[in-house]
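Remarks on the overall topology
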2 protein chains.
Amino acid sequence: MSDNIHDVIIIGAGISGTSAAKLLHEEGLDVLLLEARDRVGGRTYTARAPSFKYVDLGGSYIGPTQNRILRMAKDLGVETYRVNVKERTIFQTGGPSTKLVFQGSVPNYYNPFVVMDLNNVCKVMDECAAMVPPAAPWDCPKAAEWDKMTVKEWIDKICWTKTAKEWTIILTRLIYAAEPEEISLLYFFWYTQSGKGIMRLVSTDNGGQERKFIGGSQTISEKIIERIGKDKIKFNSPVVKVEQNTDDGVIIITTASGEQFKTNHAISAVAPCLLGRMTFDPPLPPKKIQLIQRVPMGSAVKSHLYYKRTFWREKNFNGMAVTGGLVSVALDDTKPDGSCPCIIGLTVGEPARIMTTWTKEKRKKRLAEFYAEIFESDEANHPIEYIDNDWLSEEYSGGCYVGVMPPGVLTSFGSVIRTPHGCVHFAGTETATEWAGYMEGAVQAGERAAREIMYAMGKINESEIWQSEPESLDVPALPFEESLIEKHIPSIPGFLRFLSLSTLIVAGAAILMRNRSIIEQVKNKLTDLF
Amino acid sequence: MSDNIHDVIIIGAGISGTSAAKLLHEEGLDVLLLEARDRVGGRTYTARAPSFKYVDLGGSYIGPTQNRILRMAKDLGVETYRVNVKERTIFQTGGPSTKLVFQGSVPNYYNPFVVMDLNNVCKVMDECAAMVPPAAPWDCPKAAEWDKMTVKEWIDKICWTKTAKEWTIILTRLIYAAEPEEISLLYFFWYTQSGKGIMRLVSTDNGGQERKFIGGSQTISEKIIERIGKDKIKFNSPVVKVEQNTDDGVIIITTASGEQFKTNHAISAVAPCLLGRMTFDPPLPPKKIQLIQRVPMGSAVKSHLYYKRTFWREKNFNGMAVTGGLVSVALDDTKPDGSCPCIIGLTVGEPARIMTTWTKEKRKKRLAEFYAEIFESDEANHPIEYIDNDWLSEEYSGGCYVGVMPPGVLTSFGSVIRTPHGCVHFAGTETATEWAGYMEGAVQAGERAAREIMYAMGKINESEIWQSEPESLDVPALPFEESLIEKHIPSIPGFLRFLSLSTLIVAGAAILMRNRSIIEQVKNKLTDLF
C-alpha cells in the first residue's frame, strides 16, 4: 500500500486533469492520474495512421481569447495552424433553394428583413450574455425568468423570419450538440458569455474555430505526461469509490479492479454526469447528487472523408458549409502543407442520434452523397478513406462536446458545481467560467482546482486561486468590426415602429388574424386579473 | 465461485426487483437479488418505532386501478386502509387570501372564469393524454410538437386565470416532484395517461392516494423476501460491473466489494440514472448511454409531525391541504384506529431543494409554523415527534419519486428504455406503461421483465410477456361522475366566442394593448413568409 500514497490524486486524464497534474508537478508535488481508458486526452482523441498522418476525432479547434490553452501548447512545443477559409463558404438552412454562397465571414442575405432579423438575434444574444455573471449565472437579475425557458421558446419569440429561426436552430445545435428545446436559455446566455460573445464563439477566422494543433489536440495531454513522467498515470483504472476519513482527511480511492490509492487531496476532472459512476463516502451533498443527473452530454458524431484532391477548392469553395442537414458544419481538414485532402463533418444533436444507429458503411455513403450535393461535385462520392467517432457510444465521456443544462438546472443546482466535497475538488471544462465546454475551459478548470489544493496546503493565498491569463501574442484577438449600417440596423419590430405604421397594423392585423390573436391578449389581461 | 451461479440475478431489491424475484421463484428458478443498501424496498421505506408504530418515509399510497400491487399485497397478506378525507379540505395556491376550504373532492371556486378555466385544463389534459400510446409515446401524432415544449409553456398557453395557472403548477410539482419547466409536455401527457387520467392520478378518494398499507409499504418487499428465502438476497452489494460473454451468454456481475456472481439472465431493477453507476461490457448502446443521463429523479422531502391530538379534525379539517407553499400536499397520517395523530407533508420540487439545506430542527419548526397557519391552530406548533426523509440525499435512489424527462428525451431516446441489452433486461417503475412512477408500475415492470426471461427460457410464449390485470374486487375503480354543468362548461375562449363578443374584443383589445400584441401577430405572418 505504501507505493500507493500520493500528494494529490487526479481522476481523469483529459486536458483538465493533465493541466492540473502539470501545475501540481511543477510545484514539486507527487501526483497520480487515474484514467478509465487506455489513453489520455478524454474528449480530445487523435488517431494516427500513415495514410492521414493524424486526425482529431474529438475536440480540435482553438482560437483567439483562448489564452490558457495557447500558453499551454506553446510551453509544450505544440504549434497551431489556421483552418482554410480562403474560398467561398456555404450556408444552407433547408433545401437547395436556401443555399447561400459567399466570400468572407458574413452571409450576404439580400432580403432586408432577414438581415435585420439575423443582426437583431446576434445583438440580443450578446446583450443578454453580457448580463450573466460568468462565475455565478444564478445571480443574473433575469436568471429565474431565463432558466424557466428553453432556447427554442426564445427563438420562436425573437425571430421574425424563417431564415433567422433556422439559422439560430443550426447555430444552437452546432455549439451544444443538442437541440434548442433541450437547453435552458440562461445556460445558453451564460455559455455565450463564457465563449466571449456569439461572433467569437462561432467564427472560424478570429473565433473559436480559427486554428488547429499540428499533430492533433491529444498531443497536449500526451506531452504533459511525457513531461511529468509516465509513472504518474495509471490507465484502465475507472474509479468506483472515493472514501474520505473526515477525522484525519485521508482519502482512499478504489478502482474497478479493486486497487486502492491513498491521498489527502483529490481532483475529479471528469464530466459531471460521470461522477455518478463513483460511490462517495461520505456521499455527495443532496444538491450535487441531483445536479450530476441533470447535465447530460451532447450528441456528436465527427466524421472525416479523405479524397485524392481538394476538389472543392477548385470550385472556389473553402470546404466550410453550415447546414440544417446531415452535418451541421463541414470544414476543410486538409493538412497545412496540402496533403491528405479531407472534409470533416460534425453531425450533432438529433441527426447524430439517428446516425449512431447506422453502420459505418452507411454513414460514409450518406456523407459522401451529402457533400456531392453541397459542393456540387461527384468527386465527393469517391472518398479514399473514411474515419469517424461516435461520441454517444463512449461510456467514459457519455457524449460530446459538453454537459448541457436543461431548464431549471442552473438556478436550482448550478451553484454547487465547483464546491469541494471535503478534500475532493472539481475540475473538468463544465466547471470553467471562461470557454466552458472547450479545451480552454478544461485548462482553466484544471489549474483552478490545482490551485485550490495549493491554497489548502498553504502554498498560495486564497486570492491566487482564480487567475486571469495574459493575451497570447501569437494569436491575438481582433475586434469584430461592425459596419455603420450593422450597428444601427433596427430589429423588425423597431423598424415597424420607426415607420409609424402601428395604427394601420392594428386595423390590418385585426382583419388578417381574425379574433384568435386578440383573444390571446384578453387572456393575458385575465391572467393578471384572476 | 460455484455458490455464486444463479438462474437469474436481479439488481435492486425495490418493489420492481422483488416482484420479478417472486414470479421467477414461483416458476421454480433460482434467483439472487443484489441490493446496494442494507434493506429492501428501494423508494419504499418504512421506519418503525414504539412511539409511531410505523411510518412510510417513501412511496406509500395506492388506489383503484392499481390492480397489480393490490393483488400482490393481498397475496402477501398485507391489508390496506383508507386515508381520512371526511372533513374539510384546504386549497391555498398563494397567500392567505387564496385560501379555499371545502367539503368533498371538488374545490368550490365562486369565480366563474376560474371554474371554466380549471375545468378546461383538466379536460384538455385528459384529451391529450388519451392521444398518447402508453407503450410508445414517441408514436403519438403530436409527439414531436409536445416533446419540444415544457409543461410551463403549456400552462402559460392554456390557462387564462391566475388561479388555474397556480393550481396547475402545484399539481405538476405534486405529481412529479419537479417544476413545470423541467418536464416535457409529451412526457406529462404520457404520465397522465399511464396514471389513468388526471382525476384518478391526483384524487385521494377513488384515486391514487385513496389508501395506504397497514404496516407500511416496505412490508411488500419484506414479505416477498420472507417467502422466497433470506438466502436469495445479498445486501450492501452495489453492482459496479456487468460483463456478458457474447459467445456463451454467461453474465459476470461484480459488486463494489469485488465479489462476483454468474448467471445467464439478469434484470436491472433500478432507476435509469442509476444504470450509469455500472460499467457494462459490452457497453450499453449509444442511445441508452445518453438516455440514462437524461432522466433525472424528482426532488422530494417527506416529513411527519406527530401530535397529541388530531386537533385539525376538531376544526372540521381532514388534514388535507394542497398549497403553493412549503408543503405541496399535507395529509392526515393518523393510524386507522385513531392512534399516533400525524400530519405528513410532501415538500417537492424547488421547495425541497431549499429544504435539503436546512437542519432537521429548522425543518420541524418551519413545518409546524406552516401547519399552524394553514390549520388555524397553535397546537400545530407543538409536535411531540418529528421524522422526515430527504430523498435528494439518497445516493442509491438519486431522488424521489421518479425519473422525469425534460424536453426532447422521450422522442429522441425513449424508445430504448426497455430494450434488453443482450441477456440483461430492464425493470423499474420508469419502464412501466401503467402507473409509471408508482408501486403499481414497479410491479408491472418487474413481472414483465421476469416474463421476458421466462420467454427467453422457452417457458412461455412471446404473447404472454405483457399481461393485463383483472380489476381488484376489494378496491374497485368508480367512474368520476361529471355533473351536467361540468360536462358542458365551456373554456374561456369558447365562452367568449359563445357571447359573440369577438368584434367588440378586437376593438377593445387594440386600444388596451396598444400595438405590442398586434406586432406579435404580424411577426408570425412574417415567419411564414420568409
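The shown structure was predicted, so the numbers you read here are calculated from the model rather than taken from an experiment.

Bringing the overall build of chain A into the picture now. Summing up its helical and strand segments, chain A has 19 helices and 20 strands in all. The C-alpha radius of gyration computed for chain A amounts to 24 Å, which stays within 12% of the reference 24 Å derived for 530 residues, consistent with globular compactness. Counting only C-alpha atoms, chain A reaches 85 × 65 × 45 Å along its principal axes. Here chain A, with 530 residues, has 63% of them falling under the buried criterion. Intrachain contacts of chain A at a sequence separation of at least 6 include 74% that bridge at least 24 residues. Averaging the coordinates of the 59 positive side-chain charges in chain A and doing the same for the 64 negative ones gives two points 4 Å apart.

Turning our eyes to something else, we now look at the packing of helix H6 (residues 162–176) of chain B against helix H7 (residues 185–194) of chain B. All names here are of chain B. Two elements in contact, H6 and H7, have axes whose closest approach is 12 Å; the angle formed by their N-to-C orientations is 70°. With respect to their mutual orientation, H6 and H7 come out roughly perpendicular. Crossing of H6 over H7 shows left-handed handedness. Side by side, H6 and H7 meet where Thr 172, Ile 175 and Tyr 176 of the first sit next to Tyr 187, Phe 188, Tyr 191 and Thr 192 of the second. Per-class residue counts for the contact of H6 with H7 are 5 nonpolar, 2 polar and no charged.

What follows deals with the confidence of the model for chain A. Per-chain confidence: chain A averages 93 in pLDDT, with 92% of residues scoring 70 or above. Taken over the whole predicted complex, pTM reads 0.93, whereas the ipTM for its chain interfaces reads 0.92.

Our next topic: empty space enclosed by the protein. In total, this model carries 12 cavities of 30 Å³ or more according to the counting rule given. Estimated volume of the largest cavity: approximately 360 Å³. Lining the largest cavity are 26 residues, and of these Cys 273 and Gly 276 of chain A together with Cys 273, Gly 276 and Arg 277 of chain B lie nearest its centre. Across the lining of the largest cavity, the residue classes tally to 16 nonpolar, 6 polar and 4 charged. Forming the boundary of the second largest cavity are 20 residues, of which Trp 190, Met 405, Ile 417, Glu 430 and Ala 432 of chain A lie nearest the centre.

What follows is about the sheet that holds strand S18 (residues 342–348) of chain B. All names here are of chain B. Across the sheet, 7 strands lie side by side as S8-S7-S16-S17-S18-S15-S19; this open sheet has mixed pairing. Taken across any chain shown, the strands that pair with only one partner, and hence form the sheet edges, are strand S8 (99–102) and strand S19 (385–390). When the angles between neighbouring strand axes are averaged without regard to direction, this sheet yields 15°. Strand direction decides the pairing type here: strand S7 (residues 88–92) and S8, joined by 4 bridges, are antiparallel. Residue pairing in the sheet places Phe 91 in a bridge with Leu 100 of S8.

With that settled, consider the nonpolar core. Within the largest apolar cluster, 114 residues are counted, with the highest numbers of intra-cluster contacts made by Trp 154, Tyr 187 and Ile 220 of chain B. Here this core gets 8 residues from one element, more than from any other, and that element is helix H15 (residues 439–456) of chain B. In this structure Tyr 187 of chain B touches Tyr 176, Val 402, Gly 403, Val 404, Met 405 and Leu 410 of chain B, once residues within four positions along its chain are discounted. Residues Val 31, Leu 33, Ile 224 and Val 475 of chain A belong to the second largest nonpolar core, which totals 113 residues.

All names here are of chain A. With respect to topology, 3 strands assemble into an open sheet ordered S5-S9-S6, the strand pairing being antiparallel. Looking along the sheet, the strands with just one partner apiece sit at the ends: strand S5 (61–62) and strand S6 (80–82). Two elements, S6 and strand S9 (residues 211–213), share 3 bridges in a ladder whose sense is antiparallel. Opposite Tyr 81, over in S9, you have Lys 212 as the bridge partner.

Attention now goes to the environment of Cys 273 of chain A. Within the secondary structure layout, Cys 273 of chain A lies in the loop between strand S13 (260–268) and strand S14 (279–281). Residue classification places Cys 273 of chain A among the buried residues on the basis of a relative accessible area of 13%. Spatially, the C-alpha atom of Cys 273 of chain A lies 7.6 Å from that of Gly 403 of chain A, the residues being 130 residues apart in sequence. Once residues lying within four places of it in the same chain are set aside, the contact partners of Cys 273 of chain A are Ile 292, Val 295, Met 297 and Ser 397 of chain A together with Gln 293 of chain B.

Parameters and conventions
Numbers given to residues run from 1 along each chain, matching the order in which its sequence is written. Here the convention is simple: chains get letters from A, ligands get numbers from 1, in the order in which they are written. In view of the model being predicted, local features appear only for residues whose pLDDT reaches at least 70, and side-chain atom pairs are presented and counted only at 80 or more, with totals across whole chains, interfaces and linings using the full set of residues. Side-chain measures here rest on the full set of heavy atoms in the structure, leaving out hydrogens and waters. Comment: elements are numbered from the N terminus, with helices defined as DSSP H or I runs of at least four residues and strands as E runs of at least two. What the globule rule says is 2.2 Å times the number of residues to the power 0.38, and the radius of gyration is computed from C-alpha atoms. For the exposure calls, accessible area comes from a 1.4 Å probe over protein chains only, and a residue counts as buried if that area is under 20% of its type's maximum, exposed if over 50%, partly exposed in between. Contact criterion: two residues are considered in contact whenever any of their non-hydrogen atoms come within 4.5 Å of each other. When charges are counted, Lys and Arg are positive and Asp and Glu negative, with His and the chain ends excluded. A single reference atom marks each charge: NZ on Lys, CZ on Arg, CG on Asp, CD on Glu. Throughout, an axis means a line fitted to C-alpha atoms (over the contacting stretch in the case of helices), and angles, computed between N-to-C directions, take values from 0 to 180 degrees. An angle below 35 degrees is read as roughly parallel, one above 145 as roughly antiparallel, one from 65 to 115 as roughly perpendicular, and any other as oblique. The sense of a crossing depends on the near helix, which, turned anticlockwise from the far helix by less than a right angle, makes the crossing left-handed and, turned clockwise, makes it right-handed. Under this grouping Gly is polar, as are all residues other than the nonpolar Ala, Val, Leu, Ile, Met, Phe, Trp, Tyr, Cys and Pro and the charged Asp, Glu, Lys and Arg. Residue-level confidence of the predictor is what pLDDT reports, using numbers from 0 through 100. Any residue with an atom within 4 Å of a point lines the site, the site being either a cavity, points on a 1 Å grid over the protein atoms alone where a 1.4 Å probe fits but cannot get out, or a pocket, an open set with protein on both sides within 12 Å along at least 5 of 7 lines. Grid points are joined across faces, edges and corners, and a volume is the space filled by probe spheres set on the points. Paired strands, in this sense, are two strands between which DSSP finds at least two bridges. As used here, the term nonpolar core means buried Ala, Val, Leu, Ile, Met, Phe, Trp, Tyr and Cys residues forming a set that is joined through side-chain atoms within 4.5 Å.

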